[in-house]
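Letter by letter, the chains look like this.
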Amino acid sequence: MDCKQPRIISLPKIYDPRGNLTFVQDNDQIPFNIARVYWTYDVPAGETRGAHSHYKSEELIVATGGSFNVNLFDGESWETYTLNRPFEGLYVPPGYWRTLDNFSSGSVCLVMTSTPYSEDDYERDYEKFKRLATKRHE
Ligand code: TYD
């Protein structure tokens, strides 16, 4: 499978009666080296996050607690992924507009990314994203 396609990646799950454990190490499980990790939490009911695309950054998004939806748009069609398992991650390559919504109470959205934070890597203008994506699809 083309590694630059969005997809759910199953992560190792160490079953244990004391509680389960999942890990990500270097790029053994995911197709990039992790440069940064961030997480969002205390998201009020009904709120939407995201609403941008990245030029270079690759991401793995994990619902480490609770559930939420990630809606991906490649310029032609939308696909919604419901994340609710701490042992699965959604791989998002560059060039996808994403919104995150439907956060359950107490949910935590953990994101591993391939680049340090840089506002230059963001496209936050939806109309500009659509123009660039249309060119890409031509
Ligand atoms: P933003 O990109 O709007 O969050 P999201 O799109 O995931 O809902 O980021 C919110 C603020 O946090 C914005 O001012 C940029 C800042 N920020 C950092 O300083 N470092 C980071 O790694 C991230 C992801 C955001």
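Right, let's walk through the structure included here. Here the structure is a predicted model, which is why all the values come from computation and not from measurement. (Residues numbered from 1 in each chain as written. Predicted model: local features only at pLDDT ≥ 70, side-chain atom pairs only at ≥ 80, totals over all residues. Heavy atoms only, no water.)

**Some thoughts on the overall build of the protein**
- A tally of regular secondary structure across the protein gives 1 helix and 12 strands.
- When the helices and strands of the protein are listed from N to C terminus, the series reads β-β-β-β-β-β-β-β-β-β-β-β-α.
- Radius of gyration (C-alpha) of the protein: 15 Å, near the 14 Å computed for a compact globule of 138 residues.
- By principal-axis analysis of the C-alpha atoms, the protein measures approximately 50 × 35 × 25 Å.
- Sorting the 138 residues of the protein into buried and exposed places 40% on the buried side.
- Contacts spanning at least 24 positions in sequence make up 74% of the contacts within the protein whose residues lie at least 6 apart.
- Surface exposure of the protein reaches about 8,000 Å², of which carbon and sulfur atoms provide 48%. (Helix = DSSP H or I, 4+ residues; strand = E, 2+ residues; numbered from the N terminus. Rg over C-alpha atoms; globule rule 2.2 N^0.38 Å. Buried < 20%, exposed > 50% of the residue type's maximum accessible area, 1.4 Å probe, protein only. Contact = heavy atoms within 4.5 Å. Areas by Shrake-Rupley, 256 points an atom, 1.4 Å probe, with all protein chains shown as cover.)

**Side note on the sheet that holds strand E11 (residues 108–113)**
- Strand order in the open sheet formed by 5 strands is E1-E9-E6-E11-E4, with antiparallel pairing between adjacent strands. The sheet terminates laterally at strand E1 (7–10) and strand E4 (36–40), the two strands that pair on one side only. Pairs of neighbouring strands in the sheet enclose a mean axial angle of 25°, with direction left out of account.
- Pairing of E4 with E11, which is carried by 5 bridges, proceeds in the antiparallel orientation. The residue bridging Arg-36 from the neighbouring strand is Thr-113, located in E11. (Pairing = 2+ DSSP bridges. Axes fitted to C-alpha atoms, helices over the stretch in contact; angles between N-to-C directions.)

**Topic: the environment of Asn-69**
- Residue position: Asn-69 is located in strand E7 (residues 68–73).
- On the basis of relative accessible area, Asn-69 is assigned to the buried category, the value being 14%.
- Here the alpha-carbon distance between Asn-69 and Thr-80, two residues 11 residues apart in the chain, equals 6.5 Å.
- When residues no more than four places from it in sequence are discounted, the contact partners of Asn-69 are Thr-80, Tyr-81, Thr-82, Thr-99, Leu-100, Asp-101 and Asn-102.
- Of note is the side chain of Asn-69, whose polar atom sits 2.8 Å from the side chain of Thr-82. (Polar contact = N/O pair within 3.5 Å; in protein donor to acceptor, adjacent residues only side chain to side chain.)

**With respect to the pattern of salt bridges**
- Scanning the entire structure with this criterion turns up 7 salt bridges.
- Here Arg-98 makes a salt bridge to Glu-59, at a shortest N to O gap of 2.6 Å. You can see Arg-98 sitting in strand E10 (residues 97–101) and its partner Glu-59 sitting in strand E6 (residues 59–65), a full 39 residues away along the chain.
- When the shortest N-O distance is used, the salt bridge between Arg-124 and Glu-119 registers 2.6 Å.
- For Arg-124, a relative accessible area of 44% puts it in the partly exposed group.
- Overall, the relative accessible area of 37% leaves Glu-119 in the partly exposed class. (Salt bridge = Lys/Arg side-chain N within 4 Å of Asp/Glu carboxyl O.)

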